[in-house]
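Topology and contacts: notes
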Amino acid sequence: MANDPLWRLPEVPTFTLTSSDFTDGDELPTSARGGDVGGEDRSPALEWSGAPEDTQSYVLTVYDPDAPTGSGFWHWCVSDIPADVTSLPAGAGTDDALLPAAALRRHNEFGSDTFLGAAPPAGHGSHRYFFTLSALDVPLLEVPADATPAVVGFMLREHLLARAVLMGTQETPAE
């Protein structure tokens with residue numbers, strides 16, 4: 001059985017998360033691949049709808065549960081996305097001008113706060129990339145500035161109203 005990164009998360013209502021750059025369950029665009037494997041490390045465009053009316057902010061994470069690390073790999077995390085925002089343009093993962101002013105990019109596995117494109121090891125098979133948008137009942141999630149996505153995920157649990165998930169895949173062929 002494949003690792004399901006959502007299996008231990010609280011059950012909450014869902015809403016819709018989509019992308020004009022890829023379809024749920026399909027391959028991520030080349031631009032969302034890592035720069036060292038022919039991509040641009042560019043986050044895809046994301047749009048959402050149907051969040052609860054009492055949503056005060058969102059947290060977005062991008063996680064690869066198939067990374068051969070024993071704990072998966074966090075590619076991106078953004079907290080404090082205002083409730084009136086319903087989309088992020090392509091490239092928001094590396095360009096603060098494309099993020100809402102209040103939103104905070106958090107550290108990824110490499111310790112940077114930018115989007116890291118998909119770069120599964122060559123010949124390791126297809127990896128899944130879960131874009132998870134959590135609707136919260138607070139305008140700002142109080143976590144330390146250097147909090148990892150795992151800590152952000154733990155801290156948002158008590159404020160979680162609903163969740164939207166969009167999954168893309170990527171594979172690097174064996175050489």
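Describing the packing of aromatic side chains
Considering all chains together, one arrives at 6 aromatic pairs under this definition. Their ring planes at 45° and their centres at 5.5 Å tell us that F22 and F131 sit as a pair that is tilted. Placement of F22 in the loop between β1 (16-18) and β2 (46-49) and of F131 in strand β7 (residues 127-136) is noted, with a sequence separation of 109 residues between them. Three or more aromatic residues joined by ring pairs make a cluster, and in this case those are F15, W48 and Y58.

Focus: helix α1 (residues 149-156)
Where α1 is concerned, the buried positions are P149, V152 and L156. Buried residues of α1 fall within an arc of 55° about the axis and therefore sit on the same side. Where α1 is buried, its residues contact β3 (57-64), β4 (73-82), β7 and β8 (160-170).

A word on the environment of P65
Looking at the secondary structure, you find P65 in the loop between β3 and β4. Of the residues examined, P65 reaches a relative accessible area of 6% and is grouped as buried. Along the backbone, P65 and F130 are 65 residues apart, and their C-alpha atoms lie at a distance of 8.2 Å.

What to know about the nonpolar core
Side chains of a nonpolar character, in soluble globular proteins, are inclined to be buried together. Counting residues in each nonpolar core, the largest one holds 28 residues, and the members touching the most others are W48, I81 and F131. Ignoring anything within four residues of it in the chain, the contact list for I81 reads W48, S57, Y58, L60, L88, P100 and A103. Counting residues in hydrophobic clusters, the runner-up holds 10 residues, among them C77, V138, V143 and L156.

Let's talk about the side chain of T132
Its place among the elements puts T132 in strand β7. A residue is classified by how much of its surface remains accessible, and T132, at 8% relative accessible area, is buried. Discounting residues that sit within four places of it in the chain, T132 has contacts with L6, V59, L60, T61, R163, A164 and V165.

About the thresholds
Residue numbers here run from 1 along each chain, matching the order of that chain's written sequence. Confidence filtering applies because this is a predicted model: local features only for residues at pLDDT of at least 70, side-chain atom pairs given and counted only at 80 or more, and all residues used for totals across whole chains, interfaces and linings. Excluding hydrogens and water, the side-chain values take into account all heavy atoms of the structure. Stacked, edge-to-face and tilted labels apply to pairs of Phe, Tyr and Trp rings (six-membered ring for Trp) whose centres lie within 6.5 Å, assigned for plane angles under 30 degrees, over 60, and everything in between, in that order. Under the DSSP-based scheme used, a helix requires at least four consecutive residues in state H or I and a strand at least two consecutive residues in state E, with every element numbered from the N terminus. Exposure classes here rest on a 1.4 Å probe applied to the protein chains alone. A residue is buried below 20% of its type maximum, exposed above 50%, and partly exposed in between. Here, the arc refers to the directions that run from the helix axis to the C-beta atoms. Contact definition: two residues touch when any of their heavy atoms are within 4.5 Å. Each nonpolar core is a collection of buried residues, namely Ala, Val, Leu, Ile, Met, Phe, Trp, Tyr and Cys, held together in the definition by side-chain atoms within 4.5 Å.

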